[in-house]
Amino acid sequence: MSSGVYEILNTANGKQYVGSAVNLTRRFARHKRRLNSGQHHNPHLQAAWNKYGQQAFVFQPLFMCSRELLLLYEQQLLDKVKPE
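Let us look at the structure shown here. This one's a predicted model, so the numbers in the text were calculated from it and none came from an experiment. (Residues numbered from 1 in each chain as written. Predicted model: local features only at pLDDT ≥ 70, side-chain atom pairs only at ≥ 80, totals over all residues. Heavy atoms only, no water.)

Focus: the environment of Asn-23
Line of reasoning, step 1. Turning to its location among the elements, Asn-23 is positioned in the loop between strand E2 (16-21) and helix H1 (24-36).
Line of reasoning, step 2. When its relative accessible area of 24% is taken as the criterion, Asn-23 is described as partly exposed.
Line of reasoning, step 3. Between the alpha carbons of Asn-23 and Gly-4 there is a distance of 7.8 Å; along the sequence they are 19 residues apart.
Line of reasoning, step 4. For Asn-23, the side chain forms a polar contact with the main-chain nitrogen of Arg-26, separated by 2.9 Å. (Helix = DSSP H or I, 4+ residues; strand = E, 2+ residues; numbered from the N terminus. Buried < 20%, exposed > 50% of the residue type's maximum accessible area, 1.4 Å probe, protein only. Polar contact = N/O pair within 3.5 Å; in protein donor to acceptor, adjacent residues only side chain to side chain.)

Some details on the packing of aromatic side chains
Think of a pair of aromatic rings as described by two things: how far the centres are apart, and how the planes are tilted against each other in angle.
Line of reasoning, step 1. For the coordinates displayed, the defined rule picks out 6 aromatic pairs.
Line of reasoning, step 2. Seen in terms of ring centroids, Tyr-6 and Phe-28 are 5.4 Å apart; in terms of plane orientation they differ by 85°. Their pairing is edge-to-face. Placement of the pair is Tyr-6 in strand E1 (residues 4-10) and Phe-28 in helix H1, with a sequence separation of 22 residues.
Line of reasoning, step 3. Measuring from ring centre to ring centre gives 5.6 Å for Phe-28 and Phe-59, while their planes differ by 70°; the resulting arrangement is edge-to-face. Of the two residues, Phe-28 sits in helix H1 while Phe-59 sits in strand E3 (residues 57-64), which places them 31 residues apart along the sequence.
Line of reasoning, step 4. For Phe-28, a relative accessible area of 11% gives the class buried.
Line of reasoning, step 5. Three or more aromatic residues link up through ring pairs in this structure, and these residues are Tyr-6, Tyr-17, Phe-28, Trp-49, Phe-57 and Phe-59.
Line of reasoning, step 6. For the cation-ring pair, Lys-32 lies above Phe-59, with the distance from its terminal atom to the ring centre recorded as 5.2 Å. (Phe/Tyr/Trp six-rings, centres within 6.5 Å; stacked < 30°, edge-to-face > 60°. Lys NZ or Arg CZ within 6 Å of the ring centre and 35° of its normal.)

Quick look at the nonpolar core
Line of reasoning, step 1. Membership of the largest hydrophobic core comes to 13 residues, with the highest contact counts inside it found for Tyr-6, Ile-8, Leu-45, Phe-57 and Phe-59.
Line of reasoning, step 2. Looking at this core, the elements that each hand over two or more residues are E1, E2, H1, helix H2 (43-52) and E3.
Line of reasoning, step 3. Look past the residues within four positions of Leu-45 in its chain and what remains in contact with it is Ile-8, Tyr-17, Leu-35, His-40 and Phe-57. (Core = buried A, V, L, I, M, F, W, Y, C linked by side-chain atoms within 4.5 Å. Contact = heavy atoms within 4.5 Å.)

Quick word on the environment of Asn-36
Line of reasoning, step 1. As for its placement among the helices and strands, Asn-36 is situated in helix H1.
Line of reasoning, step 2. The spatial distance from the C-alpha of Asn-36 to the C-alpha of Gln-55 is 12 Å, given a sequence separation of 19 residues.
Line of reasoning, step 3. Residue contacts for Asn-36: discarding those within four places in its chain leaves Trp-49 and Gln-54.
Line of reasoning, step 4. A polar atom in the side chain of Asn-36 sits 3.2 Å from the side chain of Trp-49.

Read these as spatial facts, not as claims about activity.
If you want it as structure tokens, here you go:
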């Protein structure tokens, strides 16, 4: 997979985490590993993961872009969606 902006969607409550990555496959694996070990940097996401379990979350790319535009597009999406 290449670079792009992604979301981690909590299907139990509709809340989402938005991020960007140069390598989406590697980033998704890192999120899962940290969440499963209870060491994720985002306390809201970690608490929801602990409460609802892995089966309630969907990791999905929202769109692909060059690495030079990652932060620009991520910020635009954050401003629009305003995830928790």
